[in-house]
Amino acid sequence: MKRLKNLFTYELFKTKTFTSLNMLTCRKRSVLCFTFLFVINIFCYFKVMVNETKLSERRPNDKLLRNEKSYNTSMLPQEPNKEIKRSELLYNETRNPNQDLGFKSGSNRHYMTTNSSSFMSQFMTINLYIALVTQNPFDYWFFRNRFKSYHDLGLQGDPRIKGLHAGNPNRLKNVILKAIRGEPIHVVVIGGSNSAGGGIGEDEKSLEGLYFNVFADYWGKIFGEFNVKIHKLALGGTGSALFSFCFKTFLDDPNAIDLVLVETAVNFDRNSSTAAEPAEQLIRVLLFSPTAPAVLFINLVSGLGKDPNTGKTINPTCSNLEDYGLVEISQHYNVTAFSLRDIVCRKKGKKREILIPNMTSSDSRHVGIKAHGIIAMMLITYTIDNLKEVIYDLYSNRIYVMYKLLTIPDILFIKKSTAVVSSPLCWTAVTPNHFGLGNHPSLNLEITQNSGFLFQDTFKVDTTTLRTDAAQNGWATSNSSNMIRFSFNVPPWKPGYKVVSRSIIIVIRTSGYGGIAEIFTETVQGRKYSITVNCKSIFGQNRLYTVATRVHPGKHSLTVKVVKDGMFMVSGVLIGPPDFKRLSL
């Protein structure tokens, strides 16, 4: 345990001397500096060899390595002042004292090893990471020539003091380990119009300043620009509910998920008593994904500017989904959240008021470039802090397969287990990328009857907004008495499970001139389920409406008949769990 911890280089890492050296390495890049660092590395290399000899006799007495068996994590030294204790590391790899320091893989497991044969290359690699994490992020991030401090972002101090609500970081540390191994990292962005580029395209003439692009840029500086791949699944006016069913249909490879940034705190139903339930559905779908991705909540707040027509602030109380249960969800599932609301707004009684102005784009509704910068910097510094802990674990000879994953807790707001989204099927006409992102529906839909409905692709190439999301596509009509009928097959919910029935859900796009329609389905038993939907709203949103629950497997039809003039658009059809009920976002 003390082998690398006592090294000269590790002691230097903890001192200002080594920090200054690394800063010189990154900034000056002089031949003298590189030579000096190389000499230090050579010195430490031979020092390691000496320590290897001195410690070899003591290894059999190391409780953690005794008998070369897997050991109990409770034997690790505890750090009571840390929220995530070292006991949460998962150690389950039988080790040989003569293993080398290269990364090995076997039986789909990866682990670090420790022998002199490849120590030098690994030592230099870790040194590089140390050099990078000791830098001032403002000197190297995307906005380095524009925002050189928190003050330039309109803040008086570190936004993490108020805006970072830390959960368990182990999933993110596993992603960092994967990046250190040189494997590509897939970052999935799930969000609404703010993540799609609302307001930023017009103001900046570019979408490179979006929070996730800035974060990915810095990630590339640390691990290599080809190490990170962004998958932007952002749809204007779309909340967590649709994504919990359909986000994988927007991915060419549904298993290419390492890190997920969830920005859905703006799009929700304020009039619903279950406003936070879709967010819980989505977080459970993500956490249960086979790749065990890291999930981070990006909680933005919209409408902080003044309405150009009334002159009044659109959202003076800084309301978002955090007021309706999202905070409780992030705490319950131990998921880290970054809250813009808690930074730019302050509590006043039971409500909030805007504390820091000028955080919106020119349209007064979407967040502006400074807000994107604040979120990006918090993501960067949070990742750097976790990278430092990973480096510490490597230097401390804490050899592991992976960091331990917490057990996913039971449901919080969802009323019953048969309402939890699992094995969903999705057909939707909306897409985050009109120009190329594949849409791979998991539900085959057939139109068996159509009177007056036309498929509308409302996407328009706009060189002003630069947005690519087409969130208003679907089968639509504006005349009453028009109808359309869909046919599809409903498979069993869970093969071998005692409950095999499913629910049928329709996705409707609301608008300010929406119409009213009767929607009904006829089951294989001849039973008819019917609902009436009014899609008129001041918000243009993709909303979910459950048509029927507990329908048995087999061939089913879904009929939409407009009964009142006005635009009525069907954006999707979904198959959910037996008792899924939703009449909103």
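Residues numbered from 1 in each chain as written. Predicted model: local features only at pLDDT ≥ 70, side-chain atom pairs only at ≥ 80, totals over all residues. Heavy atoms only, no water.

**Q** Would you take a moment to explain helix 14 (residues 369-395) for this structure?
**A** Think of an α-helix as turning once every 3.6 residues; residues three or four places apart then point the same way. Between the first and last C-alpha of helix 14 there are 38 Å, a value that for 27 residues agrees with the 39 Å anticipated at 1.5 Å per step. Burial analysis of helix 14 places 23 of its 27 residues in the buried class, which makes it a mostly covered element. (Helix = DSSP H or I, 4+ residues; strand = E, 2+ residues; numbered from the N terminus. Expected span 1.5 Å × (residues − 1). Buried < 20%, exposed > 50% of the residue type's maximum accessible area, 1.4 Å probe, protein only.)

**Q** How should the sheet that holds strand 22 (residues 554-564) be read in this particular structure?
**A** Strands belonging to one sheet form pairs held by backbone hydrogen bonds; the direction of such a pair is parallel or antiparallel. The five strands are arranged 14-17-22-19-20 in an open sheet whose pairing can be described as antiparallel. One side of each edge strand has no neighbouring strand; the edge strands of this open sheet are strand 14 (446-451) and strand 20 (528-534). For this sheet the average axis-to-axis angle between neighbouring strands, irrespective of direction, equals 15°. Here strand 19 (residues 516-522) pairs with strand 20 via seven bridges, running antiparallel. Opposite Ile-516, over in strand 20, you have Asn-534 as the bridge partner. (Pairing = 2+ DSSP bridges. Axes fitted to C-alpha atoms, helices over the stretch in contact; angles between N-to-C directions.)

**Q** What am I meant to see in the sheet that holds strand 8 (residues 294-299) here?
**A** In spatial order, the strands read 4-9-8-7-5-6; together these six strands make up an open sheet with mixed pairing. Two strands in the sheet have a free side with no partner beyond their single neighbour: strand 4 (164-165) and strand 6 (228-234). In this structure, strand 8 lies alongside strand 9 (residues 337-339), joined through three bridges in parallel fashion. Residue pairing for strand 9: Phe-297 is matched across the bridge by Ala-337. Strand contacts of helix 11 (residues 277-287): strand 5 (185-191), strand 7 (259-263) and strand 8, with the helix running at about 155° to strand 8, the strand carrying the most contacts. (Contact = heavy atoms within 4.5 Å.)

**Q** What is the right way to look at the nonpolar core in this model?
**A** Inside soluble globular proteins, nonpolar side chains tend to come together where they are buried. Within the largest apolar cluster, 68 residues are counted, with the highest numbers of intra-cluster contacts made by Trp-141 and Leu-261. Mapped onto this core, the elements with two or more residues apiece are helix 4 (119-133), helix 6 (170-180), strand 5, helix 9 (211-223), strand 7, strand 8, helix 13 (341-344) and helix 14. For this core, the element with the most residues is helix 14, which contributes 16 residues. Not counting the four nearest positions on each side in its chain, Leu-261 is found in contact with Val-187, Val-188, Val-189, Ile-190, Tyr-211, Phe-212, Leu-296, Ile-298 and Leu-379. Leu-235, Ala-241, Val-262 and Leu-287 belong to the second largest nonpolar core, which has 42 residues in total. (Core = buried A, V, L, I, M, F, W, Y, C linked by side-chain atoms within 4.5 Å.)

**Q** Explain the packing of aromatic side chains to me, please; I cannot follow it from the model alone.
**A** Evaluation of the coordinates by the stated rule reveals 13 aromatic pairs. An angle of 65° between the planes, with centres 5.9 Å apart, marks the rings of Phe-215 and Trp-219 as edge-to-face. Highlighted residues: Phe-215 and Trp-219, both in helix 9, separated by four residues, approximately one helical turn. By the burial criterion, Phe-215 is buried, and Trp-219 matches it. The structure contains a cluster of three or more aromatic residues connected by ring pairs, namely Phe-138, Trp-141, Phe-142, Phe-143, Phe-147 and Tyr-150. Looking at Lys-494, its charged tip hangs above the ring of Trp-493, at a distance of 4.5 Å from the centre. One Lys or Arg, Lys-494, reaches over the ring of Tyr-497 and ends 5.3 Å from the middle of that ring. (Phe/Tyr/Trp six-rings, centres within 6.5 Å; stacked < 30°, edge-to-face > 60°. Lys NZ or Arg CZ within 6 Å of the ring centre and 35° of its normal.)

Distances and angles like these do not, on their own, reveal function.
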